[in-house]
Structure formats: C-alpha cells, structure tokens
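Residues per chain, in single letters:
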Amino acid sequence: MSLLRRRKVPENEIQSDVEPTVDAEEDYKKSKKRIKEGKKQKWSCIDSCCWFVGCICCVWWILLFLYNAMPASFPQYVTEAITGPLPDPPGVKLRKEGLKAKHPVVFIPGIVTCGLELWEGHQCAEGLFRKRLWGGTFGEVYKRPLCWVDHMTLDNETGMDPPGIRVRPVSGLVAADYFAPGYFVWAVLIANLARIGYEEKSMYMAAYDWRLSFQNTEVRDQTLSRIKSNIELMVATSGKKAVIVPHSMGVVYFLHFMKWVEAPAPMGGGGGPDWCAKHIKAVMNIGGPLLGVPKSIAGLFSAEARDIAVARALAPGVLDTDLFHFQTLEHLMKMSRTWDATMSMIPRGGETIWGDLDWSPEEGYSPCKSKSRDDAALISGHQENQTPESKAKYYRYGRMISFGKDAAEAYPSDLKRIDFRDAVKGSSVGNNTCDVWNEYQEMGVSGTKAVEEYKVYTAGEIVDLLYFVAPKMMARGSAHFSYGIADDLDDPKYSHYKYWSNPLETKLPNAPDMEIYSMYGVGIETERAYVYKRTPTAGCNIPFQIDCSADEEDEDSCLKAGVYTADGDETVPALSAGFMCAKGWRGKTRFNPSGVKTYIREYYHAPPANLLEGRGTQSGAHVDIMGNFALIEDIMRVAAGGTSEDLGGDRVYSDIFKWSEKINLRL
C-alpha cells in the first residue's frame, strides 16, 4: 500500500514545474502563428497568380465546350439579332436561281498563301517530315526560329534548294484554302462553288513553291507541266473549257504559264499556238500586280513596309537588335532575298507607266475626295470618274524612293543629285563579325552614302538601285524577269522565258473567244512611294529605313509615316491591277493582237460593321476580298456558263480609265 501511495509534492515545486509548461505552449502557439502568417504571405505572392491563370484556363475551356456544344446556327442567329438578316451566300443565291457546275475551275494561289512542307532537312528539323514550315499554325517559327529560317532560305547562288534541304508545296485544295487556322484564303470561294455542285474533281488548286522563279518551278517540280496536264484532263472529262482564277502573284505566274504552254520544248510546254484557245474560257485575275508593286521595293531594299516601319518607330531598337540571338530584320532580308519570285513584282514599265520626277498618272488623287461606295457612279468604257484636281494637293508619286521629305517635294531643278552608279563601295569591318550576312556589308559607308546622295529614285532607276545594293540577288533575278517595254514584240529575244511574265514585253495568246477580267479592290490607301533615311551606323544592320517622321498633320493627307499612298487594295495600286485591261489589252493592240476581250471589275472596300462580321463580306482588301460576296458571285456566274454580259461588263469606281489615258504607251 505504501508503494501505491502518491508522494506529496511541495506547492512551490508544483508551481515551478507548471510555469515552464505554460510558457512552452505559448511559444509553440506563437511560432505556429508566425509560420501560418509566413505561409499566407508567400501564397498571396505566388500562388494567387497560379490560381488566376487556372481560373482563366477553366473559363476558357468551359466557353470552348459551350461553343462546340451549341447549334451551328446559333452564331448566325446572334449576329442577325444584332445586325439584322444577313444576305444569302452567293452559293445559296445562285442555286436558287438554278445555276449549276459547268466549267472546271483552276485556282492559282499568290505569293506566301500556299503551304510548304518539309521533305528533307538538317538535324535541327528532326521530327518535322511532311510538317508545314509555312502556313498552318507556324509553330516552328517560335519553337526553333533559326532552324526555320535556314530551311525556308534558298541557295543564294542558284535560287534552288540548299544542300540537304527539300521544302515542297502542299498538294490539293488544302494547300491554300486557309493560310492559318481561321484565316481563309480560298476556303469561302470553294465552299460556295460546292453549293452549286462543284467537287474536288472539278476544282484544282495549282499549288507551287512561290519562293522559286516561275521557270524554276518547272525545272525542279514540273509544276507548269502538272498544271497543263490537269487542265487538259479536266477539259477532256467535262467537255468544257476551264475557268482560271489566279490571285495576287498567281496572276503574273499564270501569264508566264500561258506563254510557256504554247512555246516549243524544251523551254516551253509544246502545247502549240492554239492551246489556250482550246482549253481556257476565261481568266479571272484577282488583285493582280501585272505592272508590279511598289511595296516589293521596300521589302527588297530595307526588309520592311509601312506596318513594320511604324512598329519600328513605336519600339525603336527592338527589330534592329539581336533579340534572343535573332536579328529579326536582318534574317528576314537574308531569307527573302533568296526568294526569286519576289523580284517578279518589281514595278515594270519604268517612268512611262509610273511617272518621273515631276509627273505621275495618279496626280491629283486625294483620299479625302475618294467617293463612297454608295455615292460612286458605276461607269463603263472610257468615261471618267475623276476627283477634282484643283482642290487636291500635288503629290509626286513618280519619286518611288526619296531621301528626306524635302527631296520628295522639291522641284526637279532644285534637286542636286550625285550619280551613285559609278560610286566606289567601301569595306565594312562587320564583314567578318556579322552573324547574318547581307550584301549591304560589302558596300561600306561610302556605298551607302552614295545611295543617299542621289536623293530621288524613279521606277526606271529603282532597278539600277537594286543592282547597286544587291548585285547577287539581281544577277539571279535578271535571268528570270525583265521590267522594260518591248519596242518590237516580234524580236526573237522575246521568246525567252524571262519576258513571259511581263505584260509589256509579251503578247496574249491567240484566243479571241477567251475573256480576261481584272478584279480588284479600291478605296483603300495603298503604298505607292517612300521617304527614306540613312541610319547613322551601318555595321551589321540594314543601313536604310523608312522615315516615319516624314508626315503631314492633315488626316486626309496621302503622306503618313513616310509612305505616300494612292488608291488600291492596300497592297496592289489600282494602276498596276487595272491598266492592262483598261488600256494595254483593251481591243486589238500589239500586246493583244487577237483581241481577247478584257473587263475591269472593281469592288469598293467596305470594312465590317462590327466584330461579328469577321473580315467582312464586302471587303476590298488584298486577301480579304477572297470573301467578298460580289466577287464570288461574279466568278461563280462565269464558271456556271455566264459571260461578261451576265456580269454587266465593266464596273469601275476608281479613276483607272483617266489614269490610263495619261500614260503615253504605244499600242
């Protein structure tokens, strides 16, 4: 019992034992509280961002699920509830009228709109066999940009494949139906043609490698032969002539084809002088740069255009520096200067077509006087639809490149120019240190200064300028393209393929029953001439850039951010797209000896009224016009057997006939 009895502990001993226990508990609680507060502060700084991103992702996936789950007609229902009833698509409208598929249709894509895929590449491109390097999602651009540039660049000496690389055009209608997911090119036209009975057997996408010179597409891929064979097959199986629908550079490419197919082998296709008359009903050119594009000059000269120049001004140095080991503009210039097809769009006809130091066909044009689509009077023939010249500011569009705004506006007698052609090029210390080579590095300071001191360049002098700044590029280009005006089209030299894509140095085929349409947008400010400046340091960088400070305060001015604009479709001036059908080929001329019928169909640009309309069904922009309901309807009527009478002949909003009459070209 004594062992089980508890020992009586003194009171002071109990107190001493309890106090430390209470303090320990309090310390434990305080430390736990501090840990919680520390965790709380850390979580609020980092984890809240993760929660925010997670919430956005969840909301996005929920909305995406609901979008895919909703009826297909729901977006249209919402749009119509806001904007009112939408017009029937052309396919539905023409099917109600009883139109059906009749003539086979051939699509000729333009530059950059046709997909390219990899067939052979370097080790850095492992896993990309038959994956798109151009078009689609463009995933490889940001995943491995330098590798992508290497595979998209052609050989600088031959203009063909570099060793160990084979990039080829995608085949089929999918080659150019969409340029990127959701961004249509030919898809809307194809879908509407399908509504009146067209199928893949009656439509053909003439995909080609748009980087190559036109003749080299035949040398490497036999593309021209494939187009010839497919047209012959479609005509033979349907019993009807084909309707050809080229877009952008595809217009110039098909002009080359029409000469190639009739020319004797081995240079041509050996189809004979009546091949086009037997196989082609109509050629419906969309946004065709038949006389070239001033925008191409800026691309070849400084790897930029108005949009890039503006971005350069807003974020100076970003595009000019080695950003993430990728000198953006330098790599772009190196790559694009190996694409010989870009030289097919250098302006043709020189000063006769585009104007000189003191004259241009579009003089008197002013955007503020441009007529609205509702007020413009549709005209036919040679009637004039002109803007009042007396109230419009005088712009010297013939000066395609000017160094400084003063040079762009000075009277010819006040210009003091030093000829650049015989200037001695200097050496550049950057030649051995620059990672991205371009021909500017061989010019040095003395060469770039000579270019600047010439002050102003007309269309005739642009070719000499490009020969001076990029001799290797132009040496390849001059073997495939020409930019002059033929004195005698019967001269045997014009049987060479380098002249076939120039409408001023070749004849249309002997096909009097064939029709040619020039279809293009107007009512959009389109690049026509540039004000440049020389950058203070050349080194490894491009020594010239558009001078965005050259501007005019008047918002209706034709000079904005160093770029003079005229009427067109945002890319191709109306003068280039319309002149040949307005005058050069109109009636029987030396360029059209058989009298092929030509028509102009202009589409005045109307931007979408709201975001629900997407890119708009009345757009006149260079690519968006492919979704223009009026244009699609015109093409479908001709494909279904209609003629120019069914379309109403010419439809003109611009001053193209007036401008054409000002051009003194011997016909």
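Since this is a predicted model, take the numbers as computed values, not measurements.

Here is what the cut-offs are and how they apply
- Residues numbered from 1 in each chain as written.
- Predicted model: local features only at pLDDT ≥ 70, side-chain atom pairs only at ≥ 80, totals over all residues.
- Heavy atoms only, no water.
- Pairing = 2+ DSSP bridges.
- Helix = DSSP H or I, 4+ residues; strand = E, 2+ residues; numbered from the N terminus.
- Axes fitted to C-alpha atoms, helices over the stretch in contact; angles between N-to-C directions.
- Contact = heavy atoms within 4.5 Å.
- pLDDT = per-residue confidence, 0-100.
- Phe/Tyr/Trp six-rings, centres within 6.5 Å; stacked < 30°, edge-to-face > 60°.
- Buried < 20%, exposed > 50% of the residue type's maximum accessible area, 1.4 Å probe, protein only.
- Expected span 1.5 Å × (residues − 1).
- Arc of directions from axis to C-beta.
- Disulfide = S-S within 2.5 Å.

**So, the sheet that holds strand 2 (residues 116–120)**
At step 1: Pairing is antiparallel in the open sheet, where 3 strands are placed in the order 3-2-4. Two strands bound the open sheet, and with one partner strand each, they are strand 3 (132–134) and strand 4 (166–169). Each neighbouring strand pair of the sheet contributes to a mean axis angle of 45°, computed without reference to strand direction.
At step 2: Bridge count for strand 2 against strand 3 is 2 bridges, and the pairing is antiparallel. In the sheet register, L116 faces strand 3, and the bridge partner there is W134.
At step 3: Helix 5 (residues 145–152) rests against strand 2, strand 3 and strand 4 of the sheet, and its axis sits at about 80° to strand 3.

**Notes on the environment of V424**
At step 1: Summarising the element assignment, V424 is placed in the loop between helix 15 (405–409) and helix 16 (444–453).
At step 2: C-alpha of V424 to C-alpha of G444: the two residues are 20 residues apart in sequence and 9.5 Å apart in space.
At step 3: The contact partners of V424, leaving out residues within four places of it in the chain, are S446 and G447.

**Looking at the confidence of the model for the protein chain**
At step 1: Per-chain confidence: the protein chain averages 85 in pLDDT, with 80% of residues scoring 70 or above.
At step 2: In this model, residues 1–7 is a region of pLDDT below 50 whose contacts with residues beyond four sequence positions or in other chains number 1 contact.
At step 3: Counting contacts from residues 321–326, a segment whose pLDDT is below 50, to residues more than four positions away or on other chains yields 10 contacts.

**Digging into the pairing of strand 2**
At step 1: In this sheet, strand 4 lies alongside strand 2 in antiparallel orientation, the contact comprising 4 bridges. Note on strand 4: the bridge partner recorded for E120 is R166.

**A closer look at the sheet that holds strand 8 (residues 242–246)**
At step 1: On the basis of which strands lie adjacent, the open sheet formed by 6 strands has the order 7-1-8-9-14-19 and parallel pairing. Two strands lie at the open edges of the sheet, namely strand 7 (203–205) and strand 19 (597–604), each paired on one side alone. Direction aside, the axes of adjacent strands within the sheet are offset by 15° on average.
At step 2: Bridge count for strand 9 (residues 280–286) against strand 14 (residues 515–522) is 5 bridges, and the pairing is parallel. Bridge pairing links V283 to I516 in strand 14.
At step 3: Most of the contacts of helix 8 (residues 223–238) go to strand 7, to which it runs at about 175°, and overall it touches strand 1 (105–108), strand 7 and strand 8.
At step 4: The sheet strands contacting helix 20 (residues 629–639) are strand 1, strand 8, strand 9, strand 14 and strand 19, and the helix crosses strand 9 at an angle near 170°.

**A word on the packing of aromatic side chains**
At step 1: All chains considered together, the criterion is met by 33 aromatic pairs.
At step 2: Seen in terms of ring centroids, F254 and F257 are 5.2 Å apart; in terms of plane orientation they differ by 25°. Their pairing is stacked. Here the residue F254 and the residue F257 both occupy positions in helix 9 (residues 249–262), the gap between them amounting to 3 residues, near one helical turn.
At step 3: On the accessibility criterion, F257 (1% relative accessible area) is buried.

**Topic: helix 8**
At step 1: Over its 16 residues, helix 8 runs 22 Å from end to end, which matches the ideal 22 Å to within 8%, given 1.5 Å per residue.
At step 2: Considered for burial, the residues of helix 8 that qualify are T223, L224, I227, K228, I231, M234 and V235. Each buried residue of helix 8 sits inside an arc of 145° when the element is viewed along its axis, so together they form one side. Structural note: helix 8 exposes R226, L233, A236 and T237 on the side pointing more than 90 degrees away from its buried face.
At step 3: After helix 8 finishes, the residue G239 shows a positive phi value of roughly 75°.

**What to know about the state of the cysteines**
Such a bond, covalent and formed between the sulfur atoms of two cysteines, is termed a disulfide.
At step 1: Applying the stated rule across the entire model yields 1 disulfide.
At step 2: Residue pairing for C124: its cysteine sulfur links by disulfide to C147, the two sulfurs lying 2.1 Å apart. Handedness of the C124-C147 disulfide follows from its S-S torsion of about 80°: it is right-handed. Taken together, the residues span a long stretch of sequence, with C124 in the loop between strand 2 and strand 3 and C147 in helix 5 at a distance of 23 residues.

**Concerning the environment of V283**
At step 1: With respect to the secondary-structure elements, V283 resides in strand 9.
At step 2: Here the alpha-carbon distance between V283 and I516, two residues 233 residues apart in the chain, equals 4.8 Å.
At step 3: Other than its neighbours up to four places away in sequence, V283 contacts I244, P246, F254, M258, M514, E515, I516 and Y517.

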